[in-house]
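# Coordinate inspection notes
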Amino acid sequence: MTAARLTPNAVAATLAGDINLKPVVQVFDLRSITVTGPPGAGPRFRAIISDGVATTQALFAAQLCDLARSGLVRRGAIVQLLEYIVNEVNGRRAMVILNMEVLVPECEIIGNPVLPPESGVSNSNTMRADQFNGAPGSTAGSTLTTVTRSNYNSPVIQRPMAGNLSNMIPRPSDNAQVFQPTVQPSYRPAPNYRNRGTIMKNDAPARIIPISALNPYQGRWAIKARVTAKGEIRRYHNAKGDGKVFSFDLLDSDGGEIRATCFNALVDRFYEAVEVGKVYVVSRGSLKPAKKDYNHLNNEWEIFLESQSTIELCPDENSSIPAMRFSFTSIDKIEDSENNAIVDVIGVVTSVNPSSTIQRKNGMETQKRTITLKDMSGRSVEVTMWGDFCNREGLQVQEMVEHGAFPVLAVKAGRVNDYSGKSVGTISSSQLLINPDLAEAHSLRQWFDCGGRDASTQSISRDFTPAASRYEIRKTVAQIKDDGLGMGDKPDWVTVKATVVFFKTDSFCYTACPNVIGDRRCSKKVTKSDSGNWFCDKCNQEFPECDYRYLLQLQIQDHSGTAWATAFQEPGEELLGCSARELNMLKENEDPRYTDVLLQGLYRQHLLRLKVKEETYGDERRVKNTVFKVERIDPSAESKFLLDHISRLTGSY
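In this numbering scheme, every chain counts its residues from 1 along its sequence in written order. With the structure being a predicted model, the display of local features is reserved for residues of pLDDT at least 70 and the display and counting of side-chain atom pairs for 80 or more, all residues being used for whole-chain, interface and lining totals. Note that the side-chain values use all heavy atoms of the structure and ignore hydrogens as well as water.

The name given to the chain in an unreviewed UniProt entry is Replication protein A subunit, and the organism recorded there is Panicum virgatum. UniProt positions are given in the numbering used here, feature names are shortened, and annotations may be inferred rather than shown by experiment. According to the UniProt record, the Sequence similarities (unreviewed entry) comment for the chain reads "Belongs to the replication factor A protein 1 family." Listed in UniProt under the heading Function (unreviewed entry), the comment for the chain reads: "Component of the replication protein A complex (RPA) required for DNA recombination, repair and replication. The activity of RPA is mediated by single-stranded DNA binding and protein interactions. Probably involved in repair of double-strand DNA breaks (DSBs) induced by genotoxic stresses."

Below, the discussion takes up the overall build of the chain. Scanning the chain from N- to C-terminus turns up 13 helices and 34 strands. Think of it in three bands: residues with accessible area under 20% of the maximum for their type are buried, residues over 50% are exposed, and the middle band is partly exposed, with areas taken using a 1.4 Å probe on protein chains only. Here the chain holds 653 residues, and the buried ones make up 46% of them. Put simply, 64% of the contacts in the chain that link residues at least 6 apart link residues at least 24 apart. When the accessible surface of the chain is split by element, carbon and sulfur atoms take 49% of a total near 33100 Å². Each helix corresponds to a stretch of at least 4 residues labelled H or I by DSSP, and each strand to a stretch of at least 2 residues labelled E; elements are numbered beginning at the N terminus. Any pair of residues with heavy atoms lying within 4.5 Å of one another is described as a contacting pair. Shrake-Rupley sampling with a 1.4 Å probe provides the accessible areas, and residues are treated as covered by the protein chains on show and by no other component.

A separate point is the pairing of strand 18 (residues 365–374). Most of strand 18 is tucked away: 7 of the 10 residues are buried. When DSSP finds two or more bridges between a pair of strands, those strands are recorded as paired. Inspection of the sheet shows strand 16 (residues 342–352) paired to strand 18 by 4 bridges, in the antiparallel sense. Bridge pairing in strand 18 places Val349 opposite Leu373. Direction of pairing for strand 18 relative to strand 19 (residues 379–386): antiparallel, over a ladder of 7 bridges.

Bringing the packing of aromatic side chains into the picture now. Here is the rule: rings of Phe, Tyr and Trp (six-membered ring for Trp) pair when centre to centre is within 6.5 Å. Planes less than 30 degrees apart are stacked, more than 60 are edge-to-face, and the remainder are tilted. A full pass over the atoms with the stated rule returns 11 aromatic pairs. A centroid spacing of 5.7 Å and a plane angle of 50 degrees characterise the contact between Phe406 and Phe448, whose relative ring orientation is tilted. Taken together, the residues Phe406 in the loop between helix 6 (393–402) and strand 20 (408–417) and Phe448 in helix 7 (residues 439–449) connect sequence positions 42 residues apart. You can call Phe448 buried: its relative accessible area is 3%. Each member of the aromatic cluster is reached from another via a ring pair, and the members are Tyr236, Phe263 and Phe304. Whether a charge sits over a ring depends on NZ of Lys or CZ of Arg being within 6 Å of the ring centre and within 35 degrees of the ring normal. Just above the ring of Phe304 sits the side chain of Lys288; from NZ or CZ to the centre is 4.9 Å.

A separate point is unusual backbone geometry. Located in the positive-phi region is Lys22, a residue other than glycine, with phi close to 50 degrees. In this fold, Lys22 is placed in the loop between helix 1 (10–15) and strand 1 (24–36). Even without being a glycine, Asn264 presents a positive backbone phi close to 50 degrees. One can find Asn264 in the loop between strand 11 (257–263) and helix 3 (265–270). On the accessibility criterion, Asn264 (33% relative accessible area) is partly exposed.

Each reported salt bridge corresponds to a side-chain nitrogen of Lys or Arg within 4 Å of a carboxyl oxygen of Asp or Glu. Per the stated rule, a full pass over the model turns up 17 salt bridges. Across the pair Glu275 and Lys278 runs a salt bridge, and its minimum N-O distance is 3.3 Å. Between Glu393 and Arg392 there is a salt bridge, with its nearest N and O atoms 3.0 Å apart. Residue class for Glu393 comes out buried when judged on its relative accessible area of 13%. Each of Arg474, Lys497 and Glu638 takes part in salt bridges that share partners, so that together they form one network.

Structure (structure tokens):
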């Protein structure tokens with residue numbers, strides 16, 4: 001096995017002032033030193049670091065000392081220096097390490113590094129035993145170096161170290177561990193960058209680093225990555241006025257992913273320049289914590305581009321960076337996913353519904369199309385395409401199915417919806433690939449063509465299954481309690497045929513945030529601020545108007561008993577026949593029609609789709625029934641269900 005690979009000439013480059021190198025080096029030796037500074041500063045550590053040829057002394061910043069105390073950093077460790085500064089001390093350059101990553105905790109000494117003369121350590125990789133028995137210059141007889149801080153963030157070394165720093169240093173070996181550093185070569189600027197005379201320090205091109213190495217504490221940086229998704233331009237309004245924003249997702253050769261976001265003038269500057277599938281060098285910008293409600297990527301940070309940010313196309317990059325990264329979830333596992341979870345799913349398209357036009361809650365129209373995917377797990381799921389997906393990939397899939405071809409479809413970043421069963425819907429950053437060149441797609445194709453087409457499949461999207469099976473889990477109100485429903489780890493989904501006998505009228509709705517983020521409304525509770533506007537804690541914005549959404553507490557009854565249930569927006573509108581805003585206006589105006597609406601919603605029999613789950617309220621645990629769907633009784637379908645049920649009970653057909 002060949003030796004681990006360190007960054008060539010790292011010592012010379014860092015001492016010369018290159019603070020963006022992020023070199024991979026080896027800790028040749030390490031020892032604790034006494035420090036005078038703020039109370040409780042504790043001991044510090046000084047190391048000799050090596051690039052395999054040259055060495056230099058380096059002081060660990062206080063926040064890194066625990067790494068040395070715990071033994072995670074020790075002699076022979078291979079580390080990547082992420083942040084560091086170099087000071088001039090007594091005519092010599094001295095390094096202070098502010099942040100580093102341990103790559104290999106222990107490794108034999110690499111190369112034959114030349115030690116600095118002031119280190120007091122022999123340059124030979126082998127030493128005589130008598131050097132460690134208290135002889136002059138040995139570790140046992142050495143004097144600790146004292147570090148004084150005039151500025152605690154800028155240590156000044158008063159005098160050089162005396163004595164040896166280590167016990168015997170092992171001889172280089174051909175069996176040293178292999179390590180491939182992640183540091184990429186320096187970014188070569190485009191021709192129009194050159195020939196501008198002297199380059200100032202802040203204008204010099206930044207070194208390309210992996211996305212995984214990005215953090216908010218860096219100075220200049222650059223990443224080279226492929227755009228895997230690009231969102232539409234969204235417009236918003238807040239207390240500062242109107243604005244617009246768009247985001248795009250980036251993937252680099254190490255598999256790191258991150259989202260970049262542009263606002264206002266930067267939208268005009270970069271929106272047309274960024275194309276999905278192409279590779280760019282992106283440099284400069286601020287990193288902020290990613291909002292996980294809207295950002296599904298596996299990265300705690302998000303890039304916010306600024307006026308000095310640059311995006312440059314790399315036209316010759318074709319294969320070094322993958323086109324897309326998938327983490328597929330089988331359809332049977334989607335049934336256990338949380339609502340609004342972001343998943344990648346792949347399956348064979350078995351049916352396609354025509355595209356339809358619907359009106360969104362914000363009053364705008366959009367296109368909707370549903371398809372059915374099945375996979376080898378024995379389950380199928382409904383996938384809803386929204387907007388441009390309907391007439392782009394959706395139309396192509398429909399034509400293929402109509403001609404007898406059942407394509408494999410991979411969905412990147414679909415959102416799970418658990419309304420009356422589980423389904424998957426597209427969002428602005430979703431990607432749809434038809435018959436992709438993936439191992440999972442080839443396996444599905446072979447399975448489907450060799451018998452999977454006729455394999456029985458159960459849908460996890462219960463709202464779309466035939467009527468007879470849709471009400472298969474039918475319960476009475478009493479059975480919800482008697483059968484102990486909702487007491488397990490997952491909720492129980494049941495249908496009851498019941499009548500609403502009571503509505504709580506003191507509070508039937510709440511004031512909700514009207515902000516539209518991507519393809520969905522925020523809908524979190526808002527409160528009125530001193531300015532008279534409505535403030536949303538989640539969006540951190542104020543709005544002149546709010547939305548009103550149902551939060552109905554109601555009592556349902558059948559022949560077996562009564563139970564309390566909660567109904568939100570859509571079920572509430574179905575039960576009462578009007579929106580929460582309209583009903584609230586009637587109540588505030590003391591309109592007699594308010595009472596009429598409530599009375600008309602009572603004593604009507606419905607099929608109620610309930611989610612039954614035990615929840616904790618303070619110190620009390622109780623089962624909550626949530627109405628997810630309300631359907632009027634269809635006499636024909638209900639008669640068929642009852643006849644089928646009687647047949648199963650009697651064993652007759």
